Each structure stands twice: as structure tokens, then as C-alpha cells.
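Letter by letter, the chains look like this.
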Amino acid sequence: MGIKAERVTEILNSEKFKNLVKKRLTVSITLTVIILLVYFGFILSIAFYKEFLSIKIGDHLTLGLPIGIGIIIFAWLLTGIYTRWANRKYDRAVRELRNEVLEN
Amino acid sequence: METIQSTLGQVNIASIIIFFAFVAVTLGITYWAAKKTKTTSEFYAADRSISGFQNGLALSGDYMSAASFLGIAGMVSLKGYDGLIYSIGFLVGWPLVMFLIAEPLRNLGKFTFADVVAYRLRQKPVRIASSVGSLMTIIFYLIAQMVGAGALINILFGFPYEIAIIIVGFVMIAYVLFGGMLATTWVQIIKAVLLLSGATFLVIMTLAQFGMNPVTLFEQAAKKYGDAVLSPGGFVTNPWDAISLGIALILGTAGLPHILMRFFTVPDAKQARKSVFVATGFIGYFYILTFVIGFGAMVLVGQDVVSYFDKGGNMAALLLAESVGGQFFLGFIAAVAFATILAVVAGLTLSGASTLSHDLYVSVFKKGKTDEAGEVRVARISTLIIGALAITLGLIFKGQNVAFMVGLAFAIAASANFPSLLLSIIWKKFTTKGAVSSIITGSSLAVILIILSPTVWVDIFNNPEAIFGLKNPAIISMTASFIVGIIVSLFTEEKDASDKFEDEKLRTYLGIGAE
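Every value quoted in this text rests on a predicted model; they were computed, and no experiment measured them.

Calculation criteria
Residues numbered from 1 in each chain as written. Chains lettered and ligands numbered in written order. Predicted model: local features only at pLDDT ≥ 70, side-chain atom pairs only at ≥ 80, totals over all residues. Helix = DSSP H or I, 4+ residues; strand = E, 2+ residues; numbered from the N terminus. Rg over C-alpha atoms; globule rule 2.2 N^0.38 Å. Buried ≥ 20, exposed ≤ 12 C-beta atoms within 10 Å, placed from the backbone. Contact = placed C-beta atoms within 7 Å. pLDDT = per-residue confidence, 0-100. Expected span 1.5 Å × (residues − 1). Bend = angle between axes of the 7 residues up to and from the residue. Core = buried A, V, L, I, M, F, W, Y, C linked by C-beta atoms within 7 Å. Axes fitted to C-alpha atoms, helices over the stretch in contact; angles between N-to-C directions. Parallel < 35°, antiparallel > 145°, perpendicular 65-115°, else oblique. Left-handed = near helix turned anticlockwise from the far one by under 90°. Nonpolar A, V, L, I, M, F, W, Y, C, P; charged D, E, K, R; others polar.

Trainee: Would you mind going over the overall build of chain B in detail, with residue names and values included?
Mentor: For chain B, the helix and strand inventory stands at 21 helices and zero strands. For 515 residues, the compact-globule formula gives about 24 Å, and the C-alpha radius of gyration of chain B, at 22 Å, lands near that figure. Overall, the C-alpha framework of chain B stretches about 75 × 50 × 40 Å when taken along its three principal axes. Counting every position in chain B, which comprises 515 residues, the buried fraction comes to 64%. Residue pairs at least 24 apart in sequence account for 83% of intrachain contacts in chain B once pairs closer than 6 positions are excluded.

Trainee: Before we move on, can you summarise the overall build of chain A with the specific residues and values?
Mentor: The secondary structure content of chain A amounts to four helices and zero strands. Listed N to C, the secondary structure of chain A is α-α-α-α in terms of helices and strands. Taken over the C-alpha trace, chain A has a radius of gyration of 22 Å; the compact-globule value for 104 residues is 13 Å, which it surpasses by more than 25%. Dimensions along the principal axes, computed over C-alpha positions, put chain A at roughly 70 × 25 × 20 Å. If you take every contact in chain A between residues at least 6 apart in sequence, the share linking residues at least 24 apart comes to 62%.

Trainee: Explain the environment of Gly-325 of chain B to me, using residue names and the numbers behind them.
Mentor: Residues and elements named next belong to chain B. Examined against the element boundaries, Gly-325 turns out to sit in helix α15 (residues 316–365). Assessed through the 17 C-beta atoms surrounding it within 10 Å, Gly-325 is described here as partly exposed. It is 23 Å that separates the C-alpha atoms of Gly-325 and Gly-80, two residues lying 245 residues apart in sequence.

Trainee: If you had to explain the interface of chain A and chain B to someone new, which residues and values would you point to?
Mentor: Contacts between the two partners involve 45 residues from chain A and, on the opposite side, 44 residues from chain B. When contributions to the side of chain A that touches chain B are tallied by element, the ones reaching two or more residues are α1 (5–13), α2 (15–48), α3 (50–54) and α4 (64–102) of chain A. Counting residues per element, the side of chain A that touches chain B draws most heavily on α4 of chain A, which supplies 20 residues.

Trainee: Explain the confidence of the model for chain A residue by residue, including any values.
Mentor: Residues of chain A with pLDDT of at least 70 account for 95%, and the chain-wide mean is 89. Summarising per-element confidence for chain A, the mean pLDDT is lowest in α1 of chain A (81) and highest in α2 of chain A (93).

Trainee: If you had to explain helix α17 (residues 404–426) of chain B to someone new, which residues and values would you point to?
Mentor: All names here are of chain B. In this model α17 runs 32 Å from its N-terminal to its C-terminal C-alpha over 23 residues, within 8% of the 33 Å that 1.5 Å per residue would give. At Phe-418, α17 is bent by approximately 35 degrees, the largest bend along its length, and proline Pro-419 sits one to four residues beyond. With 22 of its 23 residues buried, α17 lies for the most part within the structure.

Trainee: Talk me through the nonpolar core; I want residue IDs and the actual numbers.
Mentor: Residues and elements named next belong to chain B. Grouped together as the largest cluster of nonpolar side chains are 227 residues, with contacts concentrated most on Ala-317, Ile-333 and Val-345. Sorting elements by how many residues they give to this core places α15 first, with 28 residues. In contact with Ala-317, not counting residues within four places along its chain, are Phe-69, Leu-70, Ala-73, Ile-293, Ala-297 and Ile-333.

Trainee: Tell me about the packing of helix α9 (residues 161–208) of chain B against α15 of chain B, residues and numbers included.
Mentor: All names here are of chain B. Following both chains from N to C, one finds α9 and α15 inclined at 150 degrees, their axes separated by 6 Å at the closest point. Of the possible angle classes, the one that applies to α9 and α15 is roughly antiparallel. Considering the relative orientation of α9 and α15, their crossing is left-handed. Its residues assigned to classes, the contact of α9 with α15 shows 26 nonpolar, eight polar and one charged.

Trainee: Explain the packing of helix α6 (residues 93–108) of chain B against helix α13 (residues 269–301) of chain B to me, using residue names and the numbers behind them.
Mentor: All names here are of chain B. The interhelical angle for the contact between α6 and α13, taken along N-to-C directions, is 155 degrees, at an axis separation of 8 Å. When the interaxial angle is binned, α6 and α13 end up roughly antiparallel. Like other packed secondary-structure pairs, α6 and α13 cross with a definite hand, here right-handed. Of the residues in α13, those touching α6 at Trp-94, Pro-95, Val-97, Met-98, Ala-102, Glu-103, Arg-106 and Asn-107 are Ala-269, Ala-272, Arg-273, Val-276, Phe-277, Ala-279, Thr-280 and Ile-283. Grouping the constituent residues of the contact of α6 with α13 by class yields eleven nonpolar, two polar and three charged.

Trainee: Pulling in residues and values, what's your account of the confidence of the model for chain B?
Mentor: The predicted coordinates of low-pLDDT regions are not to be read in fine detail. With 99% of its residues at a pLDDT of at least 70, chain B reaches an overall mean of 91. Under the prediction, the complex receives an ipTM of 0.93, its pTM being 0.93.

Trainee: A description of unusual backbone geometry should follow, citing residues and the corresponding values.
Mentor: Residues and elements named next belong to chain B. Here Ala-46, not a glycine, exhibits a phi torsion of approximately 50 degrees, which is positive. Looking at where Ala-46 falls in the secondary structure, it is placed in the loop between α2 (40–45) and α3 (52–63). Phi at Asp-47 is positive, roughly 55 degrees, even though this residue is not glycine. By the element assignment, Asp-47 lies in the loop between α2 and α3. We classify Asp-47 as partly exposed; it has 19 C-beta atoms within 10 Å.

Trainee: Mind laying out α3 of chain B, listing which residues take part and the relevant values?
Mentor: Residues and elements named next belong to chain B. Taking 1.5 Å of rise per residue, the twelve residues of α3 would be expected to cover 16 Å, and the 16 Å separating its terminal C-alpha atoms lies within 8% of that figure. Counting buried residues in α3 gives eleven out of twelve residues, a clear majority hidden from the surface. Of the positions making up α3, those classed as buried are Gly-52, Gln-54, Asn-55, Gly-56, Leu-57, Ala-58, Leu-59, Ser-60, Gly-61, Asp-62 and Tyr-63. Those residues of α3 that are buried are in contact with α9, α12 (257–261), α13 and α15.

Trainee: Would you mind going over the environment of Ile-57 of chain A in detail, with residue names and values included?
Mentor: Counting through the fold element by element, Ile-57 of chain A comes out in the loop between α3 and α4. Not counting the four nearest positions on each side in its chain, Ile-57 of chain A is found in contact with Thr-62 and Leu-63 of chain A.

Trainee: Which residues make up the environment of Ala-353 of chain B, and what values do they have?
Mentor: Residue and element names in this part refer to chain B. Within the secondary structure layout, Ala-353 lies in helix α15. According to the C-beta neighbour criterion, Ala-353 is buried, with 27 such atoms within 10 Å. Between the alpha carbons of Ala-353 and Asp-499 there is a distance of 33 Å; along the sequence they are 146 residues apart.

Next comes the structure, spelled out in C-alpha cells:
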């Protein structure tokens, strides 16, 4: 691979790389927290306030139905949001950094 | 009270033909794959030739087991909304895999997740510990699948349980032994397509009975069995129980060895990321389908009939298929359910074999030095060992209530595999002793607590009251595993490991040096 050791340290300490890592961790952790809050919020609302999901919308249908299905779709959309961010912003930064590292 | 009319349990020609067609086609694919499975990269990782989309399908196939298809449809048919709560738990682990695990895993590892855990640490102790966590997860999962397979084939085709186990065992060994990861991946993809199409078709034909309007279906269910079926029932009674199960499902998904192994079959981290997006989409769609199927069975077949054939409701989807599509459709769905089992146990066998050969034999026994051909040979021998073990355990546990073993597998994955994997990726000060103690703590606590829990202590050992009150140990075992891993690491400084952490960042985040 032939990357000089000084080059490696240079890149690791560069603003650009540090920002990349920070951005990545921020996005990952934020989205993780969101999905955990949504899921455990759902579970705890069932444990402590079951009536909420049993609220009727229409003759028989309950609020729980669209919420439950909604959570499934939401989980998938979150992965889509991450993918779009990563494809657009993250991958571009990675490519630039890789070029800098490997260009010797 | 309707008279029970069903051909379930009788010989179904359509089923047998479709099933043998599936086996023939997949064995043909195995033959094709065998010619391309000579190196370790090919055996373990299909030579990284799988695309993000294909891997997404394969991952969803691995996850949509017969247990989830039949089990969840059955649960919905008998309990209504509670089945959805269960499904949601299984699904939300996937976003977590994408945000925290998929890309760093692909960048840092080679063939197994233990590669990643042991990346900066001392190979031998960490590999051994990881392998223990890995093998425990795989074996419990395998037992549950094999026993389920035997029982299912017994109900569907009337074959004796033992014959069913042996057939499943031999075919799955063939897939892995000759075709490695390439064969198992394509078997999973085919099965995923069959399962998703079959379930979609089943839903369309069911909704056709309700004017293509799911709302009408739900309303009919409520009219027939009361509004309670559209609301949460007894599933979440104890909040601690629910939280613990949720933890096992969400974090456990990120610790399942046979799932994690699939991330090494794609060329790079970006494709790994795409795989999770695709998989999450298909799995989410699948759970929505099983929800409708469950309600369809509730209304069109009736809860009496469903529970007559199996108390857990596992025949609901099949009975619904028969109701809307006759014997042929019943046969088709039955064959698909069977194919599903085969594909999943093959994936588990491959994962077990790779743990034995890549993690234990090569890295521990041979200290990392072995030639290509030698490692592939050991991998094939390991396949035979795991396969034989699966068959033997399937026979031993005949008739036992092994449903809890899936929960246990997830609990071990969440408690032993996930904490060490995550800490290894993100924490500079994680040490070898920390990793080993975290894995040992997580796995032993998970096993001990489940034995003392109502699922085993009361239901299986027939004691009056459980010593450990929760049905799933994850909240305790996972937390303990993290705490122990962190505390032990803080007390056992390992300069080599923390030094490597900085350099490793180039590989973790930029993929430089990834294999």
C-alpha cells in the first residue's frame, strides 16, 4: 500500500478527517437515539397507558393500527435518510480523504 | 361452529412437487457454486461478489424464518394486535445495524465478526471468547429451527419426525459443504423471492374477499371477535419484561453471527450500507404482510380451526392459503415454508463452520498461519461437524418446547456478541481482558437467568414459581456485559490496543486497507 507513516499521522490529525469522524458519530448516534426512543416509547405507552392505542378512529379501528404500521415504515425511512446522507455527504468526504492519503 | 374441513396433514402433491423442485434447483445452484468455491474468500464470503441489493434480499431471507412467517401470522390470528408489537421488535434492530455496525464491520473484518472484535486485541483469548458467544447463539437458534422443521414436516407431509430431521440435515450440509457462501446466499435469495411473492399473493387473494380494503378486514375481525383484537392485549403486561425482550430483539439482531457474516460478501462498506436499507424494506414489508395474513386467517378460517391444528396458531397462514386458493396454494405455501427452514439452517451451519475453522482453528490453533487450501478443507470438515451436531440435537430435542431457544439466542447475541463488538469499534480503551470478561459475563448470565426464568423453570421444569421473574434476561445480561467490559478495561490498560485505535481509524472510516 505504501503510505508513509508521517502521512498517516498527518491525515489522522487533519481538520477534515476529524470533522468526518465527528459528523459520522453525530449522525449515527442521533438516529440510533431516535429509533430507540420511538420503539421504547411505543412499548412503554402500551405498558402504562394502553388506552392510548385503543382510541377509536371510526367504528372499530384503533389508533394503534396506523401507529404500529407507521413505526415499521418509519424505521425503514430512517435507514433511507441515513443512506441518503451517507451517499451524498459522507462518501464524498471519504473519497476526497482517500485520494489525499493514497496519492503519494 | 364450522365443521373442520382441511386437507392439512394429508399428502399434498403440489407441495411435494414444488418442494422437490426447490431442492433440485438449489442443489443445481450448489453444483454451479461448487466450481467457484475453492478459496477461503469464496467459501466464507462468495468472493465479495454479492451486490448490495442481492445481499439485502439474502439478509431478509435469513431473517424471515419459518418461525417468523408461521409463528407471527399465527400469533396475529389468535391474538390480533399483539402480533404486530412482536414484529416491530424484530424489525427495529435493523436500523441499529445500519447506524452503528454495518460499515465499520465490513471495513475492519474479513470473514467473521470475531475478526472485528479481535482486531486490535490479543487474538487467542478474544477469538476463543467470541467463538463461544457465536457458537452458543448459533446452536440454540439451530435447535429451535431443526425441531420446528421436524414438527412442521410431520404435520404437513406426515413424514416421521426423524426422517424429516435427516432430510433437512443432509440437504443443508450439501449446500454448505459444496457451495459455501455463494450457494447459501443464492438459496436465501431464491427463498426470499418465493416467500415474499407467496405472501404478497396470499394477501392479495385475502383482501379480494374484502373488496381490496384492509380496513374492512380489520372491521370484520373486530365484529367477529370483539374490538380487543385491534388493541394491545396481554403481550405487554410487565414493562420490565417488555423492555428486556425489546433489548434482546433490537441489540440481538446486531449480534447474530450468521447475519453479520453476510456483510463480508459485498465488495465494500457502501454496499454493506445498501444491503441494510434493502433488507429493512423487505423485512418491514414482510411483517405488514404477516399482519394482514393473521387477520385474514382470523376472519376467513376462524380461531377455533387455527388452534385446532396447532395451539400456537402456526398453521394459520397455511389454512388461509387453502381457504383462498385451494389445495394447490396450500401446497405452495407449505413448500415455501419448508424451503425457508432449509435456507436458514444452511446459513446457520455455514456460520458455525466458519467460527470453528476461521476463528478457532486458524487463529487460535494455527496462530494465523495456514494455507488457503488447508483452511478451506478445515472449513468443510467443520461444516460436517456442525451439520452432524444439528441433526443430533434435532433428534434429541424431539417434542420439547424449544421456542424459548430463539429468545435465548437473541439474548446471548445481545449480551455476549453485541457489547464486545460495539465497544471494540468505538472505544479506544477497550482491552483484551475487558472483551473476554464482557463476553463471558453476557453469555453466562443470559443462560443462567433464562434457566431460572418462567419460560424454563416453570414451564419446562414444572416448578411453582420462577426464581428470576423476567421471561427474557437481556436487560440484566446485556447491561452487566457492558459494565463488566468497561470496568475491566479501565483496570487493565493495554497500550498496544489503544495505540492501534488511532491508526485503525483510517480503515474504519475510510476503508483503507479493508479486505
